[in-house]
Amino acid sequence: MDRRDFIINSCAACLSATALAGLSASCKSIQYVSGKLSMDGVLLNADDFRIMEQGKASYRSFIIVRNEALQYPICVYRFNENEYSALWMQCSHQGTELQASGDFLHCTAHGSEFSNKGKVTNGPADKDLRTFPVTTTNNQLFIDLRKK
Ligand code: FES
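Quick caveat, the model's predicted, so the values are computed rather than measured.

Enquirer: Please clarify how the nonpolar core should be interpreted in this entry.
Expert: What tends to happen in soluble globular proteins is that the nonpolar side chains get buried as a cluster. Counting residues in each nonpolar core, the largest one holds 18 residues, and the members touching the most others are L44, V65, I74, V76, L141 and I143. Every element with two or more residues in this core is listed here: β3 (41–45), β6 (62–65), β7 (74–80), β8 (83–88) and β15 (140–144). Tallying contributions element by element places β8 first for this core, with 3 residues. Among all residues touching I74, those that are not within four sequence positions of it are I63, I64, V65, A86, L87, W88, M89, F132, I143 and L145. Formed by 14 residues, the second largest nonpolar core is a distinct cluster that contains C75, L87, L105 and C107.

Given below as structure tokens:
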């Protein structure tokens, strides 16, 4: 191996390691849960939002409910221990599944964006997302799929 090959191989290895670290970090930050489905909705544990690091608790701003019985995932945002929003992750423009990123949802098809309460913040979509009521009882969340 000459010097040029060594440098090229070393750079490729560094870039791969960096890409994997970034991928690992982004996967770690999104919590996917399947929830417990009932006839009327989905039951979640409020602790699914909690992150324990070095003995300290903090909370994810959102988790994603992905269940094979649901046609699209549901993104659940936590505002405080009693206030949540549950958003159907189907773009209101042409139906593409949305990506959650921080406090907004993004559509990779044509660039629409929605707030963490499901409001359109950037078109071409012109309708808000479908949302569901969320109630909390005894550290559990119930997402009522019967209502809009
Ligand atoms: S399908 Fe989402 S912006 Fe077009």
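Enquirer: Just to check I follow, could you spell out the pattern of salt bridges for this structure?
Expert: Close approach of charged atoms lets side chains of opposite charge pair. What the rule picks out here adds up to 6 salt bridges. One salt bridge connects E83 with K117, and the closest N-O pair in it is separated by 3.3 Å. Taken together, the residues E83 in strand β8 and K117 in the loop between β11 (113–115) and β12 (120–122) connect sequence positions 34 residues apart. Judged by relative accessible area, E83 falls into the partly exposed class, the value being 33%. Across the pair D128 and K119 runs a salt bridge whose closest N-O atoms are separated by 3.4 Å.

Enquirer: I keep staring at the sheet that holds β11 and nothing clicks. Help me out?
Expert: Strand-to-strand pairing in sheets goes through backbone hydrogen bonds, with the strands running parallel or antiparallel. On the basis of which strands lie adjacent, the open sheet formed by 4 strands has the order β9-β10-β11-β12 and antiparallel pairing. Every other strand in the sheet has two partners, leaving β9 (99–101) and β12 as the edge strands with one partner each. Each neighbouring strand pair of the sheet contributes to a mean axis angle of 35 degrees, computed without reference to strand direction.

Enquirer: Would you mind showing me how to read the pairing of strand β14 (residues 134–137) here?
Expert: Every regular strand shows the same layout, with side chains that alternate between the two sheet faces. Pairing geometry for β14 and β15, over 4 bridges, is antiparallel. For T135, the partnering residue across the bridge sits in β15 and is F142. The hairpin formed by β14 and β15 contains 2 residues between the paired strands, and N138 there has a positive phi angle of roughly 50 degrees.

Enquirer: So what exactly am I meant to see when it comes to the confidence of the model for the protein here?
Expert: The predicted coordinates should not be examined in detail at positions where pLDDT is low. Here the protein shows a mean pLDDT of 83. Residues at 70 or above account for 80%. Throughout residues 6–27 the model reports pLDDT below 50, and contacts reaching past four residues in sequence, or to other chains, amount to 2 contacts.

Enquirer: Hey, could you run me through the sheet that holds β3 in this one?
Expert: Read across the sheet, 4 strands follow the order β2-β3-β15-β14 without closing on themselves; strand pairing throughout is antiparallel. Only two strands of the sheet have a single neighbouring strand rather than two, namely β2 (36–37) and β14.

Reading the values: rules and limits
Residues numbered from 1 in each chain as written. Predicted model: local features only at pLDDT ≥ 70, side-chain atom pairs only at ≥ 80, totals over all residues. Heavy atoms only, no water. Core = buried A, V, L, I, M, F, W, Y, C linked by side-chain atoms within 4.5 Å. Buried < 20%, exposed > 50% of the residue type's maximum accessible area, 1.4 Å probe, protein only. Helix = DSSP H or I, 4+ residues; strand = E, 2+ residues; numbered from the N terminus. Contact = heavy atoms within 4.5 Å. Salt bridge = Lys/Arg side-chain N within 4 Å of Asp/Glu carboxyl O. Pairing = 2+ DSSP bridges. Axes fitted to C-alpha atoms, helices over the stretch in contact; angles between N-to-C directions. pLDDT = per-residue confidence, 0-100.

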